[in-house]
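# A look at the structure
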Amino acid sequence: MHGRPRQRPGQAPSPLHHQEQAYAVELQKLMPQFLQSNRTCWVFDVGVVCSYSAEAMNQNARLLELNPEFYTAWNYRKRAVEEILGRETDEEARKGIAQRELDVVVRALRVNHKCYGAWYHRKWVIGLGLSSLDAELVLLKKLLRLDGRNFHGWDYRRFIVKTKGVPPEEAILFTTDKINENFSNYSAWHNRSALLSEISKKEGTEINRVQAMLEDEYDFVKNSFYTDPDDQSGWFYYCWLLEQTIALVGTPGSDVWLMKVLDKEIEACRELLELESNSKWTKLTLARLLLTHASYNTSSRKSDTDEARTHFEELCSLDPTHREYYQYQLSMLSSKELIKDRSSLTTQHEGSEELQLKS
Amino acid sequence: MSARKRTLLKVIILGDSGVGKTSLMNQYVNKKFSNQYKATIGADFLTKEVQVEDRLVTMQIWDTAGQERFQSLGVAFYRGADCCVLVYDVNVMKSFDNLDNWREEFLIQASPSDPENFPFVVLGNKVDVDGGNSRVVSEKKAKAWCAAKGGIPYFETSAKEDFNVDAAFQCIAKNALKNETEEEIYLPDTIDVNASRVPKASGCEC
Amino acid sequence: MIEPNTFDAIVLGTGLPESILAASIAAAGKTVLHLDAYEGYLSPWASPSFSTLSSFASSGGCLPKASFSAEEELTFSPEEIEYKILEVKDAPALYSHVKVSPAHDESSLGRLNRYSLDLAGPKVVFCAGPLVDALVSAQADHHVRFKGVEASFIWRDGQMTAVPASRSDVFRDKTLSLADKRFLMRFFKLVADYTDSEGGTSGELAAENLDRPFVEFLRRQQLPTLIREIILYAIALVDDDQEQVSDVASLVSTKDGLQALALYLASASRFPDAPGAFLYPMYGHGDLPQAFCRCAAVRGALYVLRMPVVSLLLDKESGDCKGVQIASGQVLHSEKVIASPTFCVEQPATSESTPTTTSSAVDAEEDAHLRSSDVPSTSSERHETGGDSTKVARCLCITDQSFQPGLSTVMVIFPPNSLHGRKSKVVRALQLGSAADVCPDGKYIVQFSVKCSDATEAEETLQAAKDALFRVDDSEDDLESEKPKLLWSIFFIQDVSNPLQAIRGLKMSVMPDGTIDYRSMMKYTETIFHELFPEKEFFPKLPATSTSDEGEGDAVADGIDGL
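Remember, predicted model here, so these are calculated numbers, not experimental data.

Glancing now at the overall build of chain C. Each helix and strand counted, chain C has 15 helices and 23 strands in total. When burial is assessed residue by residue, chain C has 59% of its 563 residues classed as buried. Here the analysis covers contacts within chain C between residues at least 6 apart in sequence; of these, 75% occur between residues at least 24 apart. Accessible surface, chain C as shown: approximately 21800 Å² in total, 49% of it carbon and sulfur.

On to the packing of aromatic side chains. Applying the stated criterion across every chain yields a total of 46 aromatic pairs over all chains. Measuring from ring centre to ring centre gives 6.0 Å for Y186(A) and F236(A), while their planes differ by 55°; the resulting arrangement is tilted. Here Y186(A), found in helix α9 (residues 186-201), pairs with F236(A), found in helix α11 (residues 232-247); they are 50 residues apart in sequence, far enough to count as distant. Here Y186(A) falls in the partly exposed class, since its relative accessible area comes to 33%. Members of the aromatic cluster, connected to one another through ring pairs, are F45(B), W62(B), F77(B), Y78(B), F106(B), F118(B) and F120(B). The ring of Y28(B) carries K48(B) above its face, with NZ or CZ at 4.9 Å from the centroid.

Attention shifts here to unusual backbone geometry. One can expect most non-glycine residues to show negative phi and most peptide bonds to be in trans. Note the cis peptide between E3(C) and P4(C), where omega equals -5°. Relative to the assigned elements, P4(C) resides in the segment before β1 (9-12). Of the consecutive residues G121(C) and P122(C), the connecting peptide bond is found in the cis state with omega at -5°. On the secondary structure map, P122(C) appears in the loop between β4 (95-101) and β5 (125-126). In this structure, A65(B) takes a positive phi of about 55° despite not being glycine. You can see A65(B) is positioned in the loop between β3 (55-62) and α2 (75-78). Phi at L237(C) takes a positive value of approximately 55°, unusual for a residue other than glycine. Turning to its location among the elements, L237(C) is positioned in the loop between α7 (225-235) and α8 (254-268).

Attention now goes to α9(A). Across its 16 residues, α9(A) extends 22 Å between first and last C-alpha, which sits within 8% of the 22 Å expected from 1.5 Å per residue. Among all positions in α9(A), only S187(A), A188(A), W189(A), N191(A), R192(A), S193(A), L195(A), L196(A), S197(A) and I199(A) are buried. Lining the buried residues of α9(A) we find α7 (151-164), α8 (168-181), α10 (207-227) and α11 of chain A together with α4 (167-172) of chain C. Capping the start of α9(A) is the job of one residue whose side-chain oxygen sits 3.1 Å from the backbone nitrogen of S187(A): N185(A).

Turning our attention to the pairing of strand β21 (residues 486-495) of chain C. Residue and element names in this part refer to chain C. Where burial is concerned, most of β21 is hidden: 9 out of the 10 residues are buried. Both β4 and β21 contribute to a ladder of 5 bridges, which runs antiparallel. The residue of β21 that forms the bridge with S96 is I493. Note that strand β17 (residues 391-399) and β21 share 9 bridges and pair antiparallel. Residue C395 lies in a different strand from β21, and its bridge partner there is F491.

Grouped together as the largest cluster of nonpolar side chains are 90 residues, with contacts concentrated most on W189(A) and F312(A). The element that contributes the greatest number of residues to this core is helix α12 (residues 254-275) of chain A, accounting for 9 residues. Those residues in contact with W189(A) that sit more than four places away from it in its chain are I179(A), F183(A), F220(A), V221(A), S224(A), S233(A), G234(A), Y237(A) and F171(C). By size, the runner-up hydrophobic cluster in this structure holds 76 residues, among which are V170(C), I230(C), F278(C) and L432(C).

Here the focus is the sheet that holds strand β11 (residues 309-314) of chain C. All names here are of chain C. Taken in spatial order, the 5 strands of this open sheet run β13-β12-β11-β3-β15, and their pairing is antiparallel. With partners counted over all chains shown, the strands left at the sheet margins are β13 (331-333) and β15 (343-345), one partner each. Across this sheet, the average inter-strand angle for adjacent strands is 30°, counted without regard to direction. In the sheet, strand β12 (residues 321-326) pairs with β13 via 3 bridges, with the strands oriented antiparallel. Bridged to Q325 within β13 is V331.

Residues and elements named next belong to chain C. Along the polypeptide, S253 turns up in the loop between α7 and α8. Overall, S253 belongs to the buried group, its relative accessible area being 16%. Excluding residues that lie within four positions of it along the chain, S253 makes contacts with L210, D211, R212, P213 and F214.

Residue and element names in this part refer to chain C. In the predicted model, chain C carries a mean pLDDT of 83, and the fraction of residues at 70 or more is 84%. This model gives residues 544-563 a pLDDT under 50, and the stretch forms 53 contacts once residues within four places in sequence are excluded. Overall fold confidence for the complex sits at a pTM of 0.78, while the interface term, ipTM, reaches 0.87.

Time to look at the sheet that holds strand β20 (residues 444-452) of chain C. Residues and elements named next belong to chain C. A sheet is described by the order of its strands in space; here 8 strands give the open sequence β4-β21-β17-β20-β19-β18-β7-β8, paired in mixed fashion. Looking at strand neighbours, the two that pair on one side only are β4 and β8 (159-162), the edges of this open sheet. Each neighbouring strand pair of the sheet contributes to a mean axis angle of 20°, computed without reference to strand direction. Relative to strand β19 (residues 427-433), strand β18 (residues 410-414) runs antiparallel, the two being bridged by 5 bridges. The residue bridging M411 from the neighbouring strand is L430, located in β19. Taken strand by strand, helix α2 (residues 50-58) contacts β4, β17 and β21, and its axis lies near 55° from that of β21. Contacts from helix α12 (residues 455-469) reach β4, β7 (151-156), β8, β17, β18, β19, β20 and β21, with the element oriented near 145° to β20.

Residue and element names in this part refer to chain B. Taken as a whole, chain B shows an average pLDDT of 81; of its residues, 83% reach a score of 70 or greater. Confidence over residues 1-5 falls short of pLDDT 50; this stretch has 17 contacts with residues more than four positions distant or in other chains. For residues 197-206, every residue scores under 50 in pLDDT, and the model assigns this stretch 31 contacts once sequence neighbours within four places are set aside.

Residues and elements named next belong to chain A. The N-to-C vectors of α11 and helix α13 (residues 280-296) enclose an angle of 5°; their axes lie 11 Å apart at closest approach. Here α11 lies roughly parallel to α13, going by the angle between them. Residues Q232, W235, F236, Y238, C239, L242 and I246 of α11 pack against W281, T282, T285, R288, L289, T292 and Y296 of α13. For the contact of α11 with α13, the per-class residue count stands at 9 nonpolar, 4 polar and 1 charged.

Residue and element names in this part refer to chain C. With 4 bridges joining them, β7 and β8 adopt antiparallel strand pairing. By the bridge assignment, F153 is partnered in β8 with A162. Hairpin connection of β7 to β8: 2 residues between the antiparallel strands, including D157 at a positive phi of 50°.

Moving on, we get to the pattern of salt bridges. Residue and element names in this part refer to chain A. As enumerated under the stated definition, the model contains 53 salt bridges over all chains in all. For the salt bridge of K164 with D134, the shortest nitrogen-to-oxygen distance reads 3.1 Å. Here K164, found in helix α7, pairs with D134, found in helix α6 (residues 133-146); they are 30 residues apart in sequence, far enough to count as distant. Accessibility expressed as a relative area gives 37% for K164, which makes it partly exposed. Given a relative accessible area of 44%, D134 falls into the partly exposed group. Because the salt bridges share partners, they merge into one network encompassing D219, K222, K264 and E265.

Right, let's talk about the side chain of D118(C) for a bit. Its location among the elements puts D118(C) in the loop between β4 and β5. No salt bridge is formed by the buried D118(C), whose closest oppositely charged neighbour, R79(B), lies at an N-O distance of 9.2 Å. Of the polar contacts made by the side chain of D118(C), one reaches the side chain of S47(C); its length is 2.6 Å. Reaching out from D118(C), the side chain makes a polar contact with the side chain of Q447(C) at a distance of 2.9 Å. If sequence neighbours within four positions are ignored, D118(C) has contacts with A46(C), S47(C), Y280(C), G284(C), H285(C), G286(C), L396(C), L432(C) and Q447(C).

Rules behind the numbers
By convention here, each chain's residues receive numbers from 1 onward along its written sequence. Throughout, the order in which chains and ligands are written sets their labels, letters from A for the former and numbers from 1 for the latter. Given that the model is predicted, a residue must reach a pLDDT of at least 70 before its local features are reported, and side-chain atom pairs must reach 80 or more before they are shown or counted; all residues, however, enter totals for whole chains, interfaces and linings. In computing side-chain properties, one takes all heavy atoms of the structure into account and sets aside hydrogens as well as water. A run of H or I in DSSP becomes a helix once it reaches four residues, and a run of E becomes a strand once it reaches two; helices and strands are each numbered from the N terminus. Note on classification: 1.4 Å probe, protein chains only; a residue is buried when its accessible area is under 20% of the maximum for its type, exposed when over 50%, partly exposed between these limits. In what follows, a contact means two residues having at least one pair of non-hydrogen atoms within 4.5 Å. Computed with a 1.4 Å probe, the accessible areas rest on the Shrake-Rupley method; for each residue, only the protein chains presented here act as cover. Aromatic pairing here means that ring centres of Phe, Tyr or Trp (its six-membered ring) are within 6.5 Å. Orientation follows from the plane angle: under 30 degrees is stacked, over 60 is edge-to-face, and everything else is tilted. Only lysine NZ and arginine CZ atoms are considered, and such an atom sits over a ring when it is within 6 Å of the ring centre and within 35 degrees of the ring normal. Take the number of residues in a helix, subtract one, and multiply by 1.5 Å to get its expected span. Within 3.5 Å is the distance limit for a polar contact, defined as a pair of N or O atoms, with the added protein rule that one can donate a hydrogen and the other accept it, and that residues adjacent in sequence qualify only through two side-chain atoms. Strand pairing follows a simple DSSP-based rule, namely that at least 2 bridges must link the two strands. Put simply, a nonpolar core is a bunch of buried Ala, Val, Leu, Ile, Met, Phe, Trp, Tyr and Cys residues held in one set by side-chain atoms that sit within 4.5 Å of each other. Whenever a helix is involved, its axis is fitted only over the stretch in contact; in every case the axis is a line through C-alpha atoms, and angles between N-to-C directions fall within 0 to 180 degrees. The predictor's confidence in any single residue is recorded as pLDDT, a number from 0 to 100. Should an angle fall under 35 degrees it is taken as roughly parallel, and over 145 as roughly antiparallel, whereas 65 to 115 is taken as roughly perpendicular and any remaining angle as oblique. Polar here means any residue outside two lists: the nonpolar Ala, Val, Leu, Ile, Met, Phe, Trp, Tyr, Cys and Pro, and the charged Asp, Glu, Lys and Arg; Gly therefore counts as polar. Each salt bridge in this description consists of a side-chain nitrogen of Lys or Arg and a carboxyl oxygen of Asp or Glu lying within 4 Å of one another. Asp and Glu count as negative and Lys and Arg as positive, but His and the ends of the chain are not part of the count.

Take a look at the structure:
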């Protein structure tokens with residue numbers, strides 16, 4: 001686990017300079033005042049003049065700093081800001097109002113940086129289009145440096161990148177940086193895979209370019225398991241790459257390319273296995289690569305399957321926790337072989353449905 | 001990008017030994033006064049949260065730790081100060097005369113980027129002593145000195161009677177905050193070596 | 001006049017070891033008087049300004065002293081001295097061969113008052129090393145901020161190669177082959193296992209193998225030459241050539257090598273926001289002694305700068321240390337005096353210096369520590385504390401750009417025989433920029449050091465290192481023109497040896513040595529503390545406070561607050 005627990009909503013935040021009791025007392029004082037303001041603003045909805053007074057707003061901000069999980073208070077702010085912005089026409093003043101909201105969020109995040117309400121409010125404020133998106137990217141860089149796998153942060157970053165219209169080719173560089181900092185970062189790998197999909201699905205992206213991109217990714221991710229073969233994040237990403245590679249089958253020139261990639265990757269895994277004969281992930285990935293290879297290349301089917309079988313058998317003792325899974329794979333292999341022996345008589349083409357990449 | 005919201009202000013208090021620097025701090029922060037004089041021991045700095053206009057700021061008030069006695073404060077002590085408070089004893093002429101030296105010392109050591117406009121605040125302490133009868137520095141004289149140095153705010157205080165102490169520190173906080181704009185643009189990332197501030201591993205609950 | 005006039009300890013000089021001792025003694029609840037003849041905490045450990053360093057250079061290597069004038073507060077009525085008086089003088093020739101290559105145009109250096117030039121440079125602080133521990137236990141940590149050393153490089157075949165020292169470094173390294181990455185990581189794992197087992201390992205790392213040379217151990221691991229070199233000189237930071245050994249004493253044992261690596265690895269992962277294993281104090285190393293002095297002051301130590309000490313006072317009968325007399329004439333009493341090696345104490349006549357033999361633990365330790373004290377020593381005799389060289393050559397340079405574009409705080413190691421002319425010594429270089437607040441924007445300081453047995457050879461070695469990093473002026477080569485231009489530099493040789501003395505109650509501290517970090521200094525300092533106060537703990541660990549629970553929120557909150 002990556003060790004940054006979310007604060008439980010009910011849990012009192014651990015304030016830096018205050019006694020928890022002082023917090024409770026202040027909270028008790030603010031609560032009725034807020035509820036009073038909140039009631040007044042409901043009255044407003046049915047036509048009575050509302051008072052989103054500065055004082056009420058300050059109280060509300062303080063309340064959210066004390067307890068950022070208080071959703072009603074965030075909603076109150078949204079209504080208030082909408083109303084205040086509705087009255088204000090000066091652009092600078094409007095920007096100032098938005099900035100004040102961002103500051104309130106920052107104070108809430110200081111107390112609990114995994115507060116859904118606060119992040120949601122921030123998105124909402126950015127959606128008003130009154131704030132600098134570059135400033136948000138700087139903020140995120142800092143946050144994700146301190147907590148590289150804060151998924152609120154990653155989620156918010158995707159939102160900003162999308163709002164700003166940053167091309168995926170550019171956005172991907174940030175994931176490279178984060179992975180270089182620490183490659184055991186699922187969030188960064190995941191974000192990378194999403195961005196790569198986006199690039200390859202873009203209209204007009206040439207197939208050679210997608211192929212070259214995937215090859216670069218294989219080279220990149222290989223560094224992770226040569227550095228630490230026990231780290232799962234790189235292997236997961238590798239599996240995803242393999243899926244993407246297979247998905248290209250059928251496009252012009254891809255079949256030859258696929259065999260070339262598979263040969264190269266099988267070789268790399270074998271090399272690593274020579275250095276790390278007991279590496280579970282290497283064995284498992286190699287077995288999968290071999291089976292994929294087998295399903296596209298009938299001439300080596302027998303030797304590929306035999307080698308894969310050996311690896312699964314060894315995995316049974318190497319990783320007894322997942323023994324059942326490996327045995328299931330072995331039984332699948334046996335039944336497939338039976339079918340194939342028969343189907344080879346009718347030379348029926350086999351698809352790649354036997355790939356089960358997710359463990 | 002918005003201005004960096006720095007909430008921590010470093011304030012240092014200078015002045016001759018025995019003018020009441022520690023007493024002023026203690027009165028302001030802890031609301032305590034002790035008649036017993038001892039050269040300062042034990043206090044590195046005291047912190048207090050203050051509301052300045054619409055902002056809540058933490059003031060870190062640094063004591064001289066007795067190193068002022070033989071003018072043995074090092075440059076490291078002066079670094080990064082947002083406001084410098086100069087204290088003298090209205091009953092001791094020499095402590096007033098030395099304000100010049102303390103101001104000079106500060107400007108040389110801290111070398112602020114804009115020495116002309118660096119915020120100082122002067123406090124004339126111990127106005128309570130002997131009902132004001134033993135006083136040797138007049139308010140007029142002190143104010144004239146402050147005016148000559150570019151209009152330094154001046155307060156007459158008594159740490160013992162808690163006279164004017166809050167008002168003085170409120171002004172100190174306000175002036176310290178003014179100075180802040182100077183450094184907003186570039187703050188290098190530095191590393192805090194206190195291990196207790198370093199995140200520790202625990203379960204993840206997204 | 002200084003009051004009171006009797007102290008548990010008197011410390012002379014404000015170098016780092018003296019300052020740490022003052023802080024640790026004050027923290028142990030003892031009274032301390034800390035005296036220094038200089039202005040503003042100047043010492044061989046300080047980071048003087050450009051102008052102070054210039055007067056240091058023009059005087060041929062003397063630290064400029066404050067002129068002493070008895071201030072009003074220091075006047076006193078003299079007392080009769082009933083002690084044996086030994087004159088205290090400045091140690092001669094601590095620095096020699098001081099040479100400045102002035103700037104063609106001083107204005108090219110920018111604002112001169114922005115410079116802090118480490119006299120003891122290059123030095124770095126291990127994140128997980130004893131100095132950081134001492135700073136935290138002494139509560140001195142909030143007086144010093146650090147900059148992380150961004151990257152280390154090793155000089156090889158005429159170019160810089162990044163030192164992969166952490167998991168992430170290995171991952172992103174572009175020069176190592178995939179298999180080399182695996183070898184290196186496996187080796188790190190071995191070291192980690194060794195650390196976890198606390199020495200109780202078997203096989204390759206069995207106790208009987210630990211005393212064998214580290215370099216042999218590395219060879220047995222079948223590590224490629226490049227990796228072996230990186231481990232030895234850039235990670236374990238070994239001082240002497242291990243491959244071609246002239247002196248068996250300079251061979252590092254497997255145990256010491258592994259300990260160095262373990263410290264390195266622990267350091268690399270200690271602070272999440274530090275890029276590597278090393279830290280550099282903002283504003284230079286000179287802020288470290290000041291931080292400890294401030295802690296000492298907060299705990300009641302009395303500080304008097306600009307106050308020369310004229311003599312040491314001994315008991316007429318026993319010859320034990322009893323105090324000092326200062327320039328104002330006042331006598332200050334203490335049975336424990338710690339002096340910086342910048343002082344030199346006249347030796348007592350042999351007949352009176354013989355300590356009366358007792359069998360206390362202090363004595364035993366003291367005798368063990370000063371084994372050579374059987375021989376009556378003279379003031380010129382000094383003993384060394386590190387390695388085969390008693391001198392170290394240092395060079396501080398100012399340049400106009402970083403030698404690694406995009407990086408500022410960078411370390412470079414030149415292993416043996418890597419420099420032009422196959423210089424046999426290890427040279428270290430540390431680049432610092434305005435990010436560490438030691439120079440104006442756009443300027444860089446590069447510090448070099450090499451152990452030195454011969455002045456000419458040392459100067460040539462450092463010249464070769466400078467030529468490797470900086471532009472050769474009239475070169476037509478395009479590659480050359482991309483290198484930083486050397487604007488100003490100072491070269492000097494510093495004595496590392498420490499004076500011998502045999503007066504009970506007087507302890508001499510140490511000069512900055514030829515190593516790149518503070519391990520040896522900390523060890524020595526702690527030893528002195530225990531010899532003086534065997535019943536006390538050196539910086540007792542603080543009881544855990546509730547603030548430790550706030551660490552995470554706080555760090556992330558600070559990041560959030562960064563906007």
